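# An overview of the molecular structure
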4 protein chains.
Amino acid sequence: MTIRVGIVGATGYTALEVARLLLAHPEAELVAATSRAEEGTSIAEIHPELAGRCEVAIESLDPASLAKKCDVVMCCLPHGASAETCKELVAEGVRVIDFSADFRLSDQVTYEKWYGVEHPWPERIGSTVYGLPEFFAEQIRQADLVANPGCYPTSAILPLAPLIANQLIEATDIIVDSKSGVSGAGRSAKVATLYCEVNESIAAYGVGCHRHQPEMADLVQRIGGQEISLLFTPHLTPMDRGILSTIYVRPRNIHAAEVMACWRKQYADSPFVNAVDHLPATKHVSGTNYVQMSARDAGDRIVLVSAIDNLTKGASGAAIQNMNVMFGLEQTTGL
Amino acid sequence: MTIRVGIVGATGYTALEVARLLLAHPEAELVAATSRAEEGTSIAEIHPELAGRCEVAIESLDPASLAKKCDVVMCCLPHGASAETCKELVAEGVRVIDFSADFRLSDQVTYEKWYGVEHPWPERIGSTVYGLPEFFAEQIRQADLVANPGCYPTSAILPLAPLIANQLIEATDIIVDSKSGVSGAGRSAKVATLYCEVNESIAAYGVGCHRHQPEMADLVQRIGGQEISLLFTPHLTPMDRGILSTIYVRPRNIHAAEVMACWRKQYADSPFVNAVDHLPATKHVSGTNYVQMSARDAGDRIVLVSAIDNLTKGASGAAIQNMNVMFGLEQTTGL
Amino acid sequence: MTIRVGIVGATGYTALEVARLLLAHPEAELVAATSRAEEGTSIAEIHPELAGRCEVAIESLDPASLAKKCDVVMCCLPHGASAETCKELVAEGVRVIDFSADFRLSDQVTYEKWYGVEHPWPERIGSTVYGLPEFFAEQIRQADLVANPGCYPTSAILPLAPLIANQLIEATDIIVDSKSGVSGAGRSAKVATLYCEVNESIAAYGVGCHRHQPEMADLVQRIGGQEISLLFTPHLTPMDRGILSTIYVRPRNIHAAEVMACWRKQYADSPFVNAVDHLPATKHVSGTNYVQMSARDAGDRIVLVSAIDNLTKGASGAAIQNMNVMFGLEQTTGL
Amino acid sequence: MTIRVGIVGATGYTALEVARLLLAHPEAELVAATSRAEEGTSIAEIHPELAGRCEVAIESLDPASLAKKCDVVMCCLPHGASAETCKELVAEGVRVIDFSADFRLSDQVTYEKWYGVEHPWPERIGSTVYGLPEFFAEQIRQADLVANPGCYPTSAILPLAPLIANQLIEATDIIVDSKSGVSGAGRSAKVATLYCEVNESIAAYGVGCHRHQPEMADLVQRIGGQEISLLFTPHLTPMDRGILSTIYVRPRNIHAAEVMACWRKQYADSPFVNAVDHLPATKHVSGTNYVQMSARDAGDRIVLVSAIDNLTKGASGAAIQNMNVMFGLEQTTGL
């Protein structure tokens, strides 16, 4: 049996990455793709990378029709819009992986404060599984709706959560300094992400006010079982792909070696998470679903460094991994 | 009168940047350049950027002869070797600006611990002026030898020192997370700085053990008048030039606005230091001697962000600025 | 006396480059800048590179008022719109350097065919000097209006024109294969020039139908004194700045050495044009007003290679050079 | 049955690309890797991309032992050295895919003229199959030794050969202007390929004297059945991967549409060759084994544009494709 996959919102980079990954997947196939703006073209006209490889037609979104054609839908719409569509799709009986932030947080108040919109389906906040199979595989397996994690949060939760859960580090004064490739900013026409604006340049943005800060704190708390305080600074880095997070934590009478040991135990059965001896670079995981993490002692701090590909483990690869879990495949199938 | 400038160690990127800046300088001229490896060629053969613009011959280093030809020598040799050459040049009566770390620190023990070599001229450690005209212009004016600052330290000292001096922030738990372009790694043939190793990738290195950590701590202490504790993490970023430092400090009952005010007062007469409202990007200062700095409140921290060009304000531009001070010109002449 | 310079259309990259170059110019100063969209801000708000360095206010365009404040206006508007504004400014008595293509070609028919608009000031087509001081300095000196050359044409005309004029190469079957940095595409928000579209990628565009093809042919013909046939292919290259043109010509019983000799004779008094022995790279001229050119024998062809910075010699540097000529300064002043 | 693959010369980028592709291959596995310099480490220590994914030990080369462990060996040594090793491996009875140029050309005289070395196994020049399955699949199937094509030649032969074979274009005056990413220059420590030398820069090299010129001419002649004359200019382009070839040909009373039709017919059964309507960019094929080609009328020329990934279809992907053919698999298996 081949899993029939649909994409809602096919014009962006995460949609292209889903399509790219499905081409190499032995048990799943892209069968439908929607875009309001591009109806009537094919996905290969939007993404010339797919020319001669994938010629799925672009249709306008009709939840009922899509639900019939697909076993699972990847919803790549912006927050707010996404929740509405997910609601309709789930009502039609198709399983959904939502790329937006709409179902990631634990409570509606936090969501509405940080996202500035009323939530269209508040009952599912706090009751939708967070799509990190490293911690929530059981719930993902049975889910009708999966909240695919944010890119920055993935790079911070995976190194931090087991250290908090095992009380190896202080829960306060955690600093996450992240550097992301430009694809994270999406594919809409904006001066700020023109080549000549970001090339040969690095800059911080959203200092202390980026929406991924509450998401990473929320999940580390949920997994770690205690409240934490965390400061997050993202940076726009001149590269297509990749997130490097440099994380400053206070150890509780341990050294970096214990961090590495904790990770290796925690992730022994997680095929994509590698605690590595070298300091990871984003290039080491580019185009893959892998996470590389390492730790270093530095004065009275320990510095954690994690690297992911923001489009793969940070978005579309994680979605495929979730899909594999949902349909009873090995997590690694096709990845 | 034209200042006659010599360069010792002409093959690297800082030497090219000195030559480039001197071409636009109305009162100084490159008259000599040395390189053991390239004797007999011209500087334009080593740096094709200079073809038809600057044809100074490359000679082997003879301190006595160089001292006769030059009013000031820019010494671009590696640490250790540089101190020896500086000693000979100063003995010959020519003024010297040293690009290495040999005379930057306050004491010999720290130097020998971090640099792992015996210092060839220990009497001048602690008694050589640190070439940051924003703080030491008087001593630079009269100096026979100037220790040109390190690139990362410049990006950290300028934002931090006045905040410590004015006791606006805590002296402990300062985190400096810096991102540098690749030119900082020099021009020698190494696999680690090949295009395909660093392009499309960002990575931390020297976590907690980079030699610029004691330099920035030392200078902030000297200027600020109290001991501090500081953790420094450098990152190699896929761009030619630029350093962005994201600095996490603990405010003492102030907000970011007070930081900006302090900077604006401190640097009112420093032509190259700009406290700016926007979050600076390295591109905003690329190819210039300017520093852009901004501050943001973030929970119980304040986040400082500074941007410089590592080859200009972080090296060769600072050297020209120092030369201007040494010879009684405006700091901005030719910059 | 300081030349007072105005910029019309201040939001783009060529405007920023004009402002950048004027900051280093000892005899000219930016005094006014206009932009319909950004009225009421300052030029440093549009271009953070200028923060603390140039705080000229952005006004809306009033030709009479601008003509009073300025000795010369750099008109950085799109074609069509530019000609209208130039007409008004010249009528107000201020000298104008036009960055658009509106006055570059020899005849109206060609203009209207390639640009698809009716020309608003056809009398000045064919009677406006082409701003290449290497050939037209006398006319530029006295001009009320100068047609600043296109970036690609500059990289092709300078190597080709003297070879045609001296009948060293065949006038037919000239192929110009050019590679340009992305800044040539301007600063408006378009998906096609987003970072993630052009980074790590090179592509041809406008094959055989780019508007710079008739311009380069026209000028080589005017200077060379005979009709030529030329095919031009531009390529978008993942870098901010620079144009490299690889030009395939048929020699008339000569070798590359004669090409080099011809260039050296032709450009002996042209300070920015350098025939170099090495194969030029765009980096060798980046940020400068220089042209580097070299020639190689290759079978029955000679291959010419030229490198310029598209924003400097290809646009704003050339404009400053033209301004220098118009106001009786050395061509190199401030460049 | 799983094909057991060995790599000789495991430190370079083509070796990493082979390893990367094998990780996704359902019927082949990397079982051995050699490197004189790195014996005793693992392939993941040389290439941190492979950490936790592939831990094959690095051994020193022993042909007899390697032949026992492997069904096929990918020989990634430099020319000259490669031929000797291939000879030993073939003598031991293992099938070999040679990445060097040692067995690509038709005759020894041309080889020794262009490569400047005596050939260690001249009997196999002209009698070794050229590993382009699009034309030579039958011979590849049975080969003990396959000459894997050069990267630039692949990008030129595929568009040109069918046009020559079908006499659609003139056999003379073909110009191939190619732009390559930096990985084509290999992974050895050289100043010329340091990040800061090639970033933000494009340059021609080897004009009219690059060794891939005779290779592409030779193969187009072999396939096309007539002598041709061709001029080739490679350019180093600031990107990791990709080759774009812009090819200027003279049509014989046809237009670009006939070129497209010819290609579509020729490559109807070649799964990796796509004639596309858009102008291809290297990004469209990055990381894949695909070729995209398009044609445009331009005056009395037709311009062909082809794009490949130099490490995949231009090297390691082609090798896997050849391996698939040699072992009776679909060409596309694992690609």
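Residues numbered from 1 in each chain as written. Chains lettered and ligands numbered in written order. Predicted model: local features only at pLDDT ≥ 70, side-chain atom pairs only at ≥ 80, totals over all residues. Heavy atoms only, no water.

As annotated in an unreviewed UniProt entry, chain A carries the name N-acetyl-gamma-glutamyl-phosphate reductase and comes from Novipirellula galeiformis. According to its UniProt record, chain A has this under Pathway (unreviewed entry): "Amino-acid biosynthesis; L-arginine biosynthesis; N(2)-acetyl-L-ornithine from L-glutamate: step 3/4." The UniProt entry for chain A carries the following comment under Subcellular location (unreviewed entry): "Cytoplasm". (UniProt positions renumbered as here; feature names shortened; annotations may be inferred.)

This part is about the overall build of chain A. Scanning chain A from N- to C-terminus turns up 11 helices and 14 strands. The C-alpha atoms of chain A give 19 Å as radius of gyration, which agrees with the globular expectation for 335 residues (20 Å, within 12%). Split into buried and exposed, the 335 residues of chain A put 65% on the buried side. A total of about 11,000 Å² of accessible surface is found on chain A, and carbon and sulfur atoms cover 47% of it. Mean positive and mean negative side-chain charge positions of chain A (26 and 39 charges, respectively) differ by 3 Å. (Helix = DSSP H or I, 4+ residues; strand = E, 2+ residues; numbered from the N terminus. Rg over C-alpha atoms; globule rule 2.2 N^0.38 Å. Buried < 20%, exposed > 50% of the residue type's maximum accessible area, 1.4 Å probe, protein only. Areas by Shrake-Rupley, 256 points an atom, 1.4 Å probe, with all protein chains shown as cover. Lys, Arg positive; Asp, Glu negative; His and termini not counted. Charge placed at Lys NZ, Arg CZ, Asp CG, Glu CD.)

Another point: the UniProt feature "active site" (unreviewed entry) in chain A. Residues and elements named next belong to chain A. As annotated by UniProt and renumbered to match this structure, "active site" (unreviewed entry) occupies Cys 151. Looking at the secondary structure, you find Cys 151 in helix H7 (residues 151–165). Take Cys 151: its relative accessible area is 14%, and that puts it in the buried class.

So, about the interface of chain C and chain D. The partner chain D presents 41 residues to the 41 residues of chain C that form the contact. Between chain C and chain D the total buried area reaches about 2,900 Å² when both faces are included, carbon and sulfur atoms providing 60% of it. Area buried by chain C at its contact with chain D is led by Glu 200, Ile 202 and Lys 283 of chain C, which between them contribute 21% of it. In this assembly, chain C and chain D are joined by 6 salt bridges. A salt bridge links Asp 173 of chain D to Arg 250 of chain C; the shortest N-O distance between them is 2.9 Å. Linking chain C with chain D are 24 residue pairs in polar contact (both at pLDDT 80 or more), by the criterion used here. Of all the elements in the fold, those that place two or more residues in the side of chain C that touches chain D are strand S8 (174–180), helix H8 (195–198), strand S9 (203–204), strand S10 (230–236), strand S11 (243–249), strand S13 (291–298) and strand S14 (301–308) of chain C. With 4 residues, S8 of chain C is the largest single contributor of residues to the side of chain C that touches chain D. (Contact = heavy atoms within 4.5 Å. Buried area = accessible area lost by both parts, 1.4 Å probe. Salt bridge = Lys/Arg side-chain N within 4 Å of Asp/Glu carboxyl O. Polar contact = N/O pair within 3.5 Å; in protein donor to acceptor, adjacent residues only side chain to side chain.)

A few words on the pairing of strand S1 (residues 3–8) of chain B. All names here are of chain B. By the criterion of burial, S1 is predominantly enclosed, with 5 of the 6 residues buried. As a crossover connection, the stretch from S1 through helix H1 (residues 13–23) into strand S2 (residues 28–34) is right-handed. With 4 bridges joining them, S1 and strand S4 (residues 72–75) adopt parallel strand pairing. Bridging from a neighbouring strand, Ile 7 pairs with Met 74 of S4. (Right-handed = clockwise from strand over helix to strand, strands pointing away. Pairing = 2+ DSSP bridges.)

A few words on the relation of the copies chain B and chain D. Each copy superposes on the other: chain B lies on chain D with an RMSD of 0.0 Å after a rotation of 180 degrees and an axial shift of 0.0 Å. One copy is carried onto the other by what is essentially a two-fold rotation axis. Mapped onto chain D, 100% of the interface residues of chain B again fall at the interface, so both copies present the same surface. (Least-squares fit on C-alpha atoms with pLDDT ≥ 70 in both.)

On to the pattern of salt bridges, then. All names here are of chain D. If you walk through the whole model with that rule in mind, you get 78 salt bridges over all chains. Between Glu 138 and Arg 141 there is a salt bridge; the shortest N-O distance is 2.4 Å. Within this pair, Glu 138 and its partner Arg 141 are both found in helix H6 (residues 133–142), separated by 3 residues, close to a single helical turn. We classify Glu 138 as partly exposed; its relative accessible area is 47%.

Residue and element names in this part refer to chain A. Within the open sheet, the 7 strands sit side by side as S3-S2-S1-S4-S5-S7-S6. Their pairing is parallel. Since the sheet does not close on itself, it has two edges, and those belong to strand S3 (58–59) and strand S6 (129–130), each with one partner. Two elements, strand S1 (residues 3–8) and strand S2 (residues 28–34), share 6 bridges in a ladder whose sense is parallel. Residue pairing across strands places Arg 4 opposite Glu 29, the latter belonging to S2.

Let us now look at the interface of chain B and chain D. For an interface, size is often stated in terms of accessible area lost upon the parts coming together. Tallying the contact residues gives 18 residues for chain B and 19 residues for chain D. When chain B packs against chain D, the two sides together hide about 1,700 Å² of surface, and 59% of this comes from carbon and sulfur. When the buried area of chain B at its contact with chain D is split by residue, Leu 194, Tyr 195 and Cys 196 of chain B rank highest and sum to 40% of it. If you look at where chain B meets chain D, you find 2 salt bridges. Between Arg 187 of chain B and Glu 197 of chain D there is a salt bridge; the shortest N-O distance is 2.8 Å. Scanning the region where chain B abuts chain D turns up 12 residue pairs in polar contact (both at pLDDT 80 or more). Of the residues in the side of chain B that touches chain D, the class split is 10 nonpolar, 4 polar and 4 charged. (Nonpolar A, V, L, I, M, F, W, Y, C, P; charged D, E, K, R; others polar.)

Another point: helix H11 (residues 312–326) of chain B. Residue and element names in this part refer to chain B. The terminal C-alpha atoms of H11 lie 18 Å apart, and with 15 residues this falls more than 12% below the ideal 21 Å at 1.5 Å per residue. Along H11, the sharpest kink reaches roughly 45 degrees, centred on Ala 318. Counting buried residues along H11, 15 of its 15 residues qualify, which places the element largely inside the surrounding structure. Note on H11: the residue one or two positions beyond its end, Gly 328, has a positive phi of about 75 degrees. (Expected span 1.5 Å × (residues − 1). Bend = angle between axes of the 7 residues up to and from the residue.)

The next subject is the UniProt feature "domain: Semialdehyde dehydrogenase NAD-binding" (unreviewed entry) in chain A. Taking the UniProt record as the reference, the feature "domain: Semialdehyde dehydrogenase NAD-binding" (unreviewed entry) is found at residues 4–143 of chain A. Split by type, residues 4–143 of chain A is 36% helix and 17% strand. Its first and last C-alpha atoms lie 17 Å apart.

Residue and element names in this part refer to chain A. Among the surface-exposed residues, Asp 62, Glu 84, Glu 88 and Glu 92 lie close enough to one another that they form a single negatively charged patch. Checked against the element boundaries, Glu 84 lands in helix H4 (residues 81–91). On the basis of relative accessible area, Glu 84 is assigned to the partly exposed category, the value being 48%. (Patch = residues over 30% accessible without salt bridge, like charges linked within 9 Å, V, L, I, M, F, W, Y side chains within 5 Å.)

Residues and elements named next belong to chain A. Structurally, chain A comprises domain 1 (3–127) and domain 2 (151–310). Each of domain 1 and domain 2 has a C-alpha centre, and these two points are 26 Å apart. Each partner contributes residues to the interface: domain 1 has 14 residues there, and domain 2 has 15 residues. Taken together, the two surfaces of domain 1 and domain 2 that pack against each other cover about 1,300 Å², and 47% of this comes from carbon and sulfur. For Arg 241, the salt bridge goes to Glu 17, with nearest N and O atoms at 2.5 Å. Our count for the contact surface shared by domain 1 and domain 2 stands at 11 residue pairs in polar contact (both at pLDDT 80 or more). Elements with a minimum of two residues in the side of domain 1 that touches domain 2: helix H1 (13–23) and helix H5 (108–115). Tallied by class, residues from the side of domain 1 that touches domain 2 come to 5 nonpolar, 6 polar and 3 charged. (Domains from an automatic or database assignment.)

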